Amino acid sequence: MSAQKTAAPRHNPKVTTALRRFAISISVLNIFGYTVLGFEQPWTWPLIALATGYTLEIILELLGARAEGRAPRFLGGGAKGVMEFLLPAHITSLAVNMLSYVNDLVWVMVFGVIVAVGTKWVLRAPVKGRLRHFMNPSNFGIAVILVLFPWASIAPPYQFTEYIDGGFDWLVPAIIIALGTMLNAKLTERMWLILAWVGGFALQAIVRGLLFDTSIPAGLAMMSGVAFVLFTNYMITDPGTTPSSKWGQIAFGGGVAAMYGVLTAMSIAYGLFFATAIVCGIRGAFLWTADIVSKRRAEEALALAAVTQAVAQADAAPATAEAAACACPAGACACPAPVTAQTPSCGCPEGACACPAPVTAQTPSCGCPEGACACPAPATAEAETKKIPVAA
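Residues numbered from 1 in each chain as written. Predicted model: local features only at pLDDT ≥ 70, side-chain atom pairs only at ≥ 80, totals over all residues. Heavy atoms only, no water.

Before going further, it helps to examine the overall build of the protein. Across its full length, the protein holds 13 helices and four strands. When the 392 residues of the protein are sorted by exposure, 38% land in the buried category. In the protein, the proportion of contacts linking residues at least 24 apart, taken out of those at least 6 apart, comes to 70%. On the protein, roughly 21,900 Å² of surface is accessible, and the fraction owed to carbon and sulfur atoms is 68%. (Helix = DSSP H or I, 4+ residues; strand = E, 2+ residues; numbered from the N terminus. Buried < 20%, exposed > 50% of the residue type's maximum accessible area, 1.4 Å probe, protein only. Contact = heavy atoms within 4.5 Å. Areas by Shrake-Rupley, 256 points an atom, 1.4 Å probe, with all protein chains shown as cover.)

This part takes up helix H10 (residues 226-235). Across the 10 residues that make up H10, a large majority, eight, are buried. Those residues of H10 that sit buried are Val 226, Phe 228, Val 229, Leu 230, Phe 231, Thr 232, Asn 233 and Met 235.

A word on the packing of aromatic side chains. Given two aromatic rings, their pairing is described by the distance between the two centres and the angle made by the two planes. Scanning the model with the defined rule gives 13 aromatic pairs in all. Each ring, one from Tyr 34 and one from Phe 39, has its centre 5.4 Å from the other, and the planes form 70 degrees; the classification is edge-to-face. Three or more aromatic residues link up through ring pairs in this structure, and these residues are Trp 197, Phe 201, Phe 228, Phe 231, Tyr 260 and Phe 273. Here the basic side chain of Lys 246 rests over the ring of Trp 192, its NZ or CZ set 4.5 Å away from the ring centre. (Phe/Tyr/Trp six-rings, centres within 6.5 Å; stacked < 30°, edge-to-face > 60°. Lys NZ or Arg CZ within 6 Å of the ring centre and 35° of its normal.)

Each regular strand shows side chains that alternate between the opposite faces of the sheet. In this sheet, strand E3 (residues 130-133) lies alongside strand E2 (residues 124-127) in antiparallel orientation, the contact comprising four bridges. When the bridges of E3 are listed, Val 127 appears paired with Arg 130. Linking two consecutive strands that pair antiparallel, namely E2 and E3, is a turn of two residues; a positive phi of about 55 degrees is found at Lys 128 within it. (Pairing = 2+ DSSP bridges.)

What follows deals with helix H6 (residues 137-148). For H6, built from 12 residues, the straight-helix expectation of 16 Å at 1.5 Å per residue is met to within 8% by its first-to-last C-alpha distance of 17 Å. Among the 12 residues that make up H6, nine are buried, leaving the element largely enclosed by the rest of the structure. (Expected span 1.5 Å × (residues − 1).)

Once that is clear, we can look at the environment of Ser 100. As for its position among the elements, Ser 100 is in strand E1 (residues 100-101). For the pair Ser 100 and Gly 112, spaced 12 residues apart in sequence, the C-alpha to C-alpha distance is 9.0 Å. The contact partners of Ser 100, leaving out residues within four places of it in the chain, are Gln 41, Ile 145, Ser 153, Ile 154 and Ala 155. Polar side-chain contacts of Ser 100 include one of 2.5 Å to the backbone oxygen of Val 96. (Polar contact = N/O pair within 3.5 Å; in protein donor to acceptor, adjacent residues only side chain to side chain.)

Below, the structure written as C-alpha cells:
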C-alpha cells in the first residue's frame, strides 16, 4: 500500500499569525462600521461575501489538490486548520465588500469576490521553486469591478467617520495607524514598503503640483483620510504579493506611488487600485522572466560541462590506447630497450613505441616476433623444449 499523501504547509507560523490578526482587525472594523461608523452597504452583504469566498476557496483547493496529487490543505488540522486555511478568503471577501460600492446590485459585489479569490489560482509566478500568486487579490477584484462597471465606485471615504464627530473622527485613523504599524513591523515586516509608499506618495503630489500646477496641499491632504490609511496598512502590504527584501519593498512601494502619480496626471480615477494592480503585474512578469533566464543559464552550464567532459575524454583516449598497446604483460621475460648505435639489430619500424631484444640461441624463450613493439609473456616449459631455428 502506498504512503498516504499529506498536505503541504500553507504558511509559516509568522505569516499565519499576521493573517489571523488581519482577519480579526477587518472583522472588528466591519462590525464597528455597521453599528457606529456608517457603512452604506447592506448589513447582509458581508455575510454573502464571506459565504462566496469560503465556498470558492474550498472548491478551488479541492480541484488544485487533485490536479497536484496531494491532500487538500484544510485537512489534517481539525477546526483550527480549516479556519487558518480560510483566513485569506475571509480578508479578501470582507475587503472587496467594504471598499467597493455597487449601488444595490449584490451580484456585482459577488462577482468581485469571485475574481479576487480565483485570481490566486490563475495569476501565478515561480517564487523560490514554487508557483505563488503575485496579484493582490482584493485589490484586483475591486479594480476589475471598476473597469467592467463604469458606474461602480469605491466606497465613499466619509462612511468611515460619518456618524462620529467632536474630534473622534481623528481617533479612527489614529487607531488604524497604530494597530497597522505594529502588525506590519512585527509580523509582515513590510515597514520599508510603507515608508517608500508614503514618501513616494508625498513626492508625487509635490511633483504634480510643480509640473501641472495642481494643488499640493490637496494632494497631500489625501494622506490623512481613513481610506488612505486602510490602504497603506492593510492593502498594499499584503505579504503574499509583495517582495520580502529591503530594496524589493522600496522598489514596490515607490513604484506604486509613481504609477499613481502618472495615472492621476492622466485624469484616471481610482488610481490607488489601478496602480497597485499594474505594479503587481510588472512584478509577476519580472518573476517569470527571471525564472526563464535562470533555467536557460542552468541548461547552458550543463551543456558546457558535458562538452568539456567529452573533449577531455577524447584527448585522453589516444594516449590511453597507445599505453595499452605497448604495455608489457606482468612477468614478461624481457622488456624492449630503446634503439641506440650500439644495438643496431634492434631497429624498429618507424613509429613503433619500443623494440624487443634480438632473438638468439641463448634466449629462445624470449623470442619476439620481428618488429614487435612489446615483449611476450615468459615461455612455458613446453615452449622451451622446442627449438625454432632463426636465421642469423
